[in-house]
Amino acid sequence: MNRKLDEFFEKVITVKLPEDRSYVDIIDQTLLPGTIKRIHLDTREEIWEAIKKLRVRGAPAIGVCAAYGMAVLAGKYTAESFDEFYDKFKSDKDYLATSRPTAVNLFWALDRMDAVCKKNAQKAVGEIKEILFDEAQAIRDEDVQISRSIGEIGFTLLQERREAGQELGIMTHCNAGTLATAKYGTATAPMYIALEHGWKGSDMHVYCDETRPLLQGARLTSFELYNAGITTSVQCDNMASLLMKSGRVKIIFVGCDRVAANGDAANKIGTSGLAIIAKHYGVPFYVCAPSSTIDPKTPTGDQIPIEMRDPEEIKTMWYREPMAPDGVDASFNPAFDVTDHTLITGIITEKGLVSGPDYSQGFRELGLI
Ligand code: MRU
């Protein structure tokens, strides 16, 4: 327990339901760090748009939002029979599944809601609605426990590297923090758990890659770590190599959107480059992966679908004037890349730390695939 930290988490809860459960309440992450504003998602179109536009983002948070979204939508169906109810449910589920392709948590959460719906087909519609709310709440609550467990394992890695009287240099990419999950984040969980274990914010120094083009590292990760009192700085993505060469970075934690059965891990674009640099300089590179992100149906990273996004995110989105001439092509805008499992030192799951290179074996031993 750390009261200040808990107050901060409370202030920036990523996704929640109001008491009457009539909408999904999210913090609009596109407005951070300047504006903390909550918005209400009432319809399936609003939920879809919020996921697509990254108002809510980060693999576990997308899953929680989709689960809450399905419960809210289903709560409003008028249906006499299960078949009528399920037709509407299936149509909304299929629609939300088209919002973003890479984070497997979206499909995992939707499938889990679907399974619970079908399993209770013989019950009254009113009862099924309650069961769906309970399932969505369970997905959210489990996420808190999962990131806590990931944090505890990551914390032991921090302890091993801590030198008395010196701040410990940690690097991260994108945002796999509280804003991407229900509470501790995944890649940030080791740092938050360190605070809970009595470390001071100044015992660590977290180097956040700004994370072009949507700047999740600068706008979100540095925002949350700074507000949690952890020493934090932001550097452009292309500065990571020099920082690692300087010896200041002792360990890297990143999140992931989908981990293939062989350990190849999709995460925000730029992650694989970081892993290559880390290997060159001998900096340990850990992927923090809740079990919901490990996809047994995807054998290797080659089968992970990579989301392509609007070229305007590269050329105009953050600038007063376009940063490339109008006619110049910027259509290659992948949101994610895949880090080859041979570049990963270890994958931290809530069930334990899996070390490479034979990740499939490790996942099997922990019952993850
Ligand atoms: O496009 P985003 O912002 O949803 O990308 C998020 C990431 O790449 C995160 O690192 C990942 O989802 C893990 S969040 C715990």
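Here the structure is a predicted model, which means the values were calculated and not measured.

J.: Please set out the overall build of the chain residue by residue, giving values where relevant.
T.: Along its length, the chain carries twelve helices and 14 strands. Relative to the compact-globule value of 21 Å for 369 residues, the chain shows a C-alpha radius of gyration of 20 Å, a close match. Along the first, second and third principal axes, the C-alpha atoms of the chain reach 65 × 50 × 40 Å. The buried share among the 369 residues of the chain stands at 57%. Once local pairs closer than 6 in sequence are excluded, the contacts in the chain between residues at least 24 apart make up 74%. In the form shown here, the chain has an accessible surface area of approximately 15,200 Å², with 52% of it arising from carbon and sulfur atoms.

J.: I'd love a proper account of the nonpolar core, names of residues and values included.
T.: The biggest cluster of nonpolar side chains holds 44 residues, and the ones touching the most others in it are Val 24, Ile 26, Cys 65, Phe 85, Phe 89, Met 113 and Leu 132. Counting residues per element, the ones that place at least two in this core are strand E2 (24–27), strand E3 (38–41), helix H2 (44–52), helix H3 (59–75), helix H4 (82–96), helix H5 (104–119) and helix H6 (125–161). For this core, the element with the most residues is H3, which contributes 13 residues. If we skip the residues at most four places from it in the chain, Met 113 touches Ala 67, Met 70, Ala 71, Phe 89, Leu 132, Glu 135, Ala 136 and Ile 139.

J.: Pulling in residues and values, what's your account of the sheet that holds strand E4 (residues 168–172)?
T.: Pairing is mixed across the open sheet formed by seven strands, whose spatial order is E6-E5-E4-E7-E10-E13-E14. The open sheet terminates on both sides in strands that have one partner only, identified here as strand E6 (231–235) and strand E14 (352–355). In this sheet, adjacent strand axes meet at a mean angle of 25° when their direction is disregarded. Both strand E7 (residues 251–254) and strand E10 (residues 285–288) contribute to a ladder of three bridges, which runs parallel. In the sheet register, Val 254 faces E10, and the bridge partner there is Val 287. Its contacts with the sheet place helix H7 (residues 189–196) against E4, strand E5 (204–209) and E7, and it is angled at close to 160° to E5.

J.: I'd like a description of the sheet that holds strand E8 (residues 258–260), backed by residues and values.
T.: Picture the strands of a sheet paired through backbone hydrogen bonds; they go either parallel or antiparallel. Strand order in the open sheet made by the four strands is E11-E8-E9-E12, with mixed pairing throughout. Each edge of the open sheet is held by one strand with a lone partner, namely strand E11 (294–295) and strand E12 (336–339). Pairing of strand E9 (residues 265–268) with E12, which is carried by four bridges, proceeds in the antiparallel orientation. Bridging across to E12, Asn 267 finds its partner in Asp 337. Packing of helix H10 (residues 271–281) onto the sheet brings it into contact with E9 and E12, and relative to E12 it is tilted by some 35°.

About the criteria used
- Residues numbered from 1 in each chain as written.
- Predicted model: local features only at pLDDT ≥ 70, side-chain atom pairs only at ≥ 80, totals over all residues.
- Heavy atoms only, no water.
- Helix = DSSP H or I, 4+ residues; strand = E, 2+ residues; numbered from the N terminus.
- Rg over C-alpha atoms; globule rule 2.2 N^0.38 Å.
- Buried < 20%, exposed > 50% of the residue type's maximum accessible area, 1.4 Å probe, protein only.
- Contact = heavy atoms within 4.5 Å.
- Areas by Shrake-Rupley, 256 points an atom, 1.4 Å probe, with all protein chains shown as cover.
- Core = buried A, V, L, I, M, F, W, Y, C linked by side-chain atoms within 4.5 Å.
- Pairing = 2+ DSSP bridges.
- Axes fitted to C-alpha atoms, helices over the stretch in contact; angles between N-to-C directions.

Geometric values such as these leave the question of function open.
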